[in-house]
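One letter stands for each residue in the lines below.
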Amino acid sequence: MRIVEVQVFRFSSPLRDVFTTAFYSSSVKESVIVKLRSDDGVVGFGESTPFQYAFGENADISTYVIERQLAPKLVGRDPFNLEEISTVMEKTIPGFYYAKCAVDFALYDLIAKSLGLPLHRLIGGKNVEKVPVAWVIGIKEVDRVVEEAERAKSSGFREVKLKADRRWRRVVDAVKAIKERFGDELEVRVDANQSWSVDEAKRAISRLDRYDVQAVEQPVPAWNIEGLAEVRMSVSTPIMADEAIRTPSDAIRIVKAEAADILNLKIGPQGGIYRCLKTRAIAEAAGLKCVIGSCLEGHLGTGAMVHFASATKNLLSTDLVGPLLRAERVTVQPLNFAEGFYEVLEKPGVGVEVDETRLKGR
Ligand SMILES: [Mg+2]
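Residues numbered from 1 in each chain as written. Predicted model: local features only at pLDDT ≥ 70, side-chain atom pairs only at ≥ 80, totals over all residues.

Of regular secondary structure, the chain possesses 12 helices and 14 strands. Taken over C-alpha atoms, the radius of gyration comes to 20 Å for the chain, in line with the 21 Å a tight globule of 362 residues would show. Counting only C-alpha atoms and orienting by the principal axes, one finds that the chain spans roughly 60 × 40 × 35 Å. Looking at the 362 residues of the chain, the share that counts as buried comes to 51%. (Helix = DSSP H or I, 4+ residues; strand = E, 2+ residues; numbered from the N terminus. Rg over C-alpha atoms; globule rule 2.2 N^0.38 Å. Buried ≥ 20, exposed ≤ 12 C-beta atoms within 10 Å, placed from the backbone.)

Pairing is antiparallel in the open sheet, where three strands are placed in the order β4-β14-β13. What marks the edges here is a single partner per strand, and that holds for β4 (130–132) and β13 (337–338). In the sheet, β13 pairs with strand β14 (residues 341–343) via two bridges, with the strands oriented antiparallel. Within β14, the residue paired with F337 across the bridge is Y342. (Pairing = 2+ DSSP bridges.)

Let's shift gears to helix α11 (residues 299–310). End to end, α11 covers 16 Å across 12 residues, agreeing with the expected 16 Å (1.5 Å per residue, within 8%). In terms of burial, α11 is largely enclosed, as 12 of its 12 residues are buried. Among the residues of α11, H299, L300, G301, T302, G303, A304, M305, V306, H307, F308, A309 and S310 are the ones counted as buried. (Expected span 1.5 Å × (residues − 1).)

Right, let's talk about the pairing of strand β2 (residues 25–38) for a bit. Note that strand β1 (residues 3–20) and β2 share 13 bridges and pair antiparallel. Looking at β2, one finds that V8 is bridged to V34. Hairpin connection from β1 to β2: four residues lie between these consecutive antiparallel strands. In the sheet, β2 pairs with strand β3 (residues 43–48) via six bridges, with the strands oriented antiparallel. The residue bridging I33 from the neighbouring strand is E47, located in β3.

Now for the packing of helix α2 (residues 59–74) against helix α4 (residues 97–115). Direction vectors running N to C along α2 and α4 enclose 55 degrees, while the axes themselves pass 9 Å from each other. Classified by the angle their axes make, α2 and α4 are oblique. Crossing angle aside, the handedness with which α2 passes α4 is right-handed. Between α2, through S62, V65, I66, L70 and L74, and α4, the contact on the second element is made entirely by Y98, A99, A102 and V103. Looking at the contact of α2 with α4 residue by residue, the classes come out as eight nonpolar, one polar and no charged. (Axes fitted to C-alpha atoms, helices over the stretch in contact; angles between N-to-C directions. Parallel < 35°, antiparallel > 145°, perpendicular 65-115°, else oblique. Left-handed = near helix turned anticlockwise from the far one by under 90°. Contact = placed C-beta atoms within 7 Å. Nonpolar A, V, L, I, M, F, W, Y, C, P; charged D, E, K, R; others polar.)

Attention now moves to the environment of K161. By the element assignment, K161 lies in strand β6 (residues 159–163). Separated by 12 residues in the primary sequence, K161 and A149 have C-alpha atoms spaced 9.3 Å apart. Setting aside chain neighbours within four positions, we find K161 in contact with A134, V136, I137, R189, D191 and D319.

Turning to the environment of G95, a few remarks are in order. Note on placement: G95 falls in the loop between α3 (82–92) and α4. For G95, a count of 16 C-beta atoms within 10 Å corresponds to the partly exposed category. Sequence spacing of G95 and G271 is 176 residues, and the spatial spacing of their C-alpha atoms is 8.2 Å.

In this section: the sheet that holds β2. Taken together, three strands build an open sheet; the order of strands is β1-β2-β3 and the sheet is antiparallel. Of all the strands in the sheet, just β1 and β3 have a single pairing partner and so form its edges. Across this sheet, the average inter-strand angle for adjacent strands is 20 degrees, counted without regard to direction. α2 rests against β1, β2 and β3 of the sheet, and its axis sits at about 160 degrees to β1. Packing against the sheet, α11 makes contact with β2 and β3, and its axis sits at approximately 100 degrees to β3.

Shown next as structure tokens:
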């Protein structure tokens, strides 16, 4: 089997609510959609949602990288040769992992469809029956955070993740209010998105220690692995690395530094499933749990990530809220989501049908 055509499209969706993190506020999300066609007529689709503020790549950059750099190297290759394709993409242009993730998801969709198998069967099989999701609450005032946690809990979520910024006392107050209201019925984790210095992180997390927080995610800047380890040694709350991981080698550095208890496998900025299988193996071998992170991908990209999450033995949870926050979708049917869990689809490939009339050229 050979790849004969690579096409790139764009798809934008407004969000149902303005979403604010330490990086920015957003009311719309733009995805890059890759369509691959093989010489026997099978088609695979992939989606990624580049995020320039954390990772230096936006939809224009990803589109250029796929169309002008990667597509000429993909045409004529056997899509099953994932190691060869991964190596060629990295040699052609290092980095630009969102672009490579969209290609990778399309490759997995294509080869799984050609075998008539759901994607998870190619990457370890269904290890988790239903994939859990933490409801993610953007930065807002404490009473509004508690209201949103209440709504999440009543619609079936068992976990919430609170975004935080430099004002670390605000998130400590929010965690306190949620724990006083819901006790152990709602797991809480905190994502500082690199906002804190090592000293601020120690002060904030030592105050969170008493509330049995599930984890604090990326409290210090991505480059500061030693600082992350120093924070981890001084608190009892589990520490998660997120933006610090772009490659399997980054995961090794984090393991060696004993800098994290949990790795966030954010598949978009880590370059897709094939690369994340390597990082996932490092985490498992080091005794670390994994969370499957999100860049607010829609139903297509999230669909691929649900398969990956399902096949992950050391899965703690996911943040796959993109389809729930987006007002529009590129697929004919939504993913099946209820009571805080995604169903793992059993149709061939990712298992979703793309409505091509909704795709836009550039
Ligand atoms: Mg994060």
